[in-house]
Amino acid sequence: MITIKTKLLLLVVALAVTSCGFKLKGGYEIPYQTVYIQADVDSRVGRALKKKIERKYKNMLVDAASSAEVVVSVLAENSTRSISVLSNSGTIDEYELLYSIQFRIYSLKNATNAVDSQFSLRRKITYSDQNISAKSSEEESLINDMAIDAATRILVRLSKERI
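Residues numbered from 1 in each chain as written. Predicted model: local features only at pLDDT ≥ 70, side-chain atom pairs only at ≥ 80, totals over all residues. Heavy atoms only, no water.

With respect to the packing of aromatic side chains
Scanning all chains against the criterion turns up two aromatic pairs. Relative to tyrosine 127, the ring of tyrosine 95 has its centre 5.3 Å away and its plane inclined at 85°; by these criteria the two rings are edge-to-face. Of this pair, tyrosine 95 sits in strand 3 (residues 92-106) while tyrosine 127 sits in the loop between strand 4 (115-126) and helix 3 (132-160), and the two are 32 residues apart along the sequence. With relative accessibility at 10%, the residue tyrosine 95 sits in the buried group. When its relative accessible area of 24% is taken as the criterion, tyrosine 127 is described as partly exposed. Arranged with centres 6.0 Å apart and planes meeting at 70°, the rings of phenylalanine 103 and phenylalanine 119 form a pair that is edge-to-face. Of this pair, phenylalanine 103 sits in strand 3 while phenylalanine 119 sits in strand 4; the two residues are 16 residues apart in sequence, bridging distant segments of the chain. (Phe/Tyr/Trp six-rings, centres within 6.5 Å; stacked < 30°, edge-to-face > 60°. Helix = DSSP H or I, 4+ residues; strand = E, 2+ residues; numbered from the N terminus. Buried < 20%, exposed > 50% of the residue type's maximum accessible area, 1.4 Å probe, protein only.)

And the structure:
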């Protein structure tokens, strides 16, 4: 049985969270009937975009740009790793992963309203010479997560743009 003190505490926490402007991350609704994803075969973001659209919308993806209402073109994507923290002895303690994406959203009917955009995502990863294999797979996993985050950002942008 929940006591009055517990109920009051939950109420105070709920009020504090809502009054500070906290808002859950909202979804996206794509306002187009058909979408074509133009990306390289090995594009992580391209695969993530297709997977996200296929899961949420049935029959929205088309096989040709000519039959699409809107085209999302992944122009470039690049992942790099740079040294972030060095120890006192000069060994690497932490890397920073940078995932950059450049894309264009356009319609073949109205190419003048094309939206070009780019952004970068950053993640930190600790490094250890003793766990090279594990750290390598962790890095690969982080890069895949950044590609999925990038795909979500592109779809949110697509939901807000009127081409």
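Some remarks on the pattern of salt bridges
Enumeration over the complete set of coordinates arrives at nine salt bridges. When the shortest N-O distance is used, the salt bridge between arginine 104 and aspartate 116 registers 2.6 Å. Of this pair, arginine 104 sits in strand 3 while aspartate 116 sits in strand 4, and the two are 12 residues apart along the sequence. Classification of arginine 104 by relative accessible area gives partly exposed; the value is 29%. For aspartate 116, a relative accessible area of 48% corresponds to the partly exposed category. Residue arginine 157 is joined to glutamate 161 by a salt bridge in which the shortest nitrogen-to-oxygen separation is 2.8 Å. (Salt bridge = Lys/Arg side-chain N within 4 Å of Asp/Glu carboxyl O.)

Remarks on the sheet that holds strand 1 (residues 35-38)
Here we have four strands laid out as an open sheet, ordered 1-2-3-4, and mixed in their pairing. At either end of the open sheet lies a strand with only one pairing partner, and these are strand 1 and strand 4. Strand after strand, the sheet turns through a mean of 25° between neighbouring axes, direction not considered. One ladder, built from 12 bridges, connects strand 3 with strand 4; its direction is antiparallel. (Pairing = 2+ DSSP bridges. Axes fitted to C-alpha atoms, helices over the stretch in contact; angles between N-to-C directions.)

What about a nonpolar patch on the surface?
On the surface, a nonpolar cluster with roughly 390 Å² of combined accessible area is contributed by Leu8, Leu11, Val12 and Leu15. Residue position: leucine 15 is located in helix 1 (residues 4-19). (Patch = residues over 30% accessible without salt bridge, like charges linked within 9 Å, V, L, I, M, F, W, Y side chains within 5 Å. Areas by Shrake-Rupley, 256 points an atom, 1.4 Å probe, with all protein chains shown as cover.)

Here we look at the environment of valine 85
Tracing the backbone through its elements, the reader meets valine 85 in strand 2 (residues 70-86). Counting along the chain gives 53 residues from valine 85 to tyrosine 32, while the straight-line C-alpha distance between them is 45 Å. Every residue in contact with valine 85, bar those within four places of it in the chain, is listed here: Thr91, Ile92, Asp93 and Glu94. (Contact = heavy atoms within 4.5 Å.)

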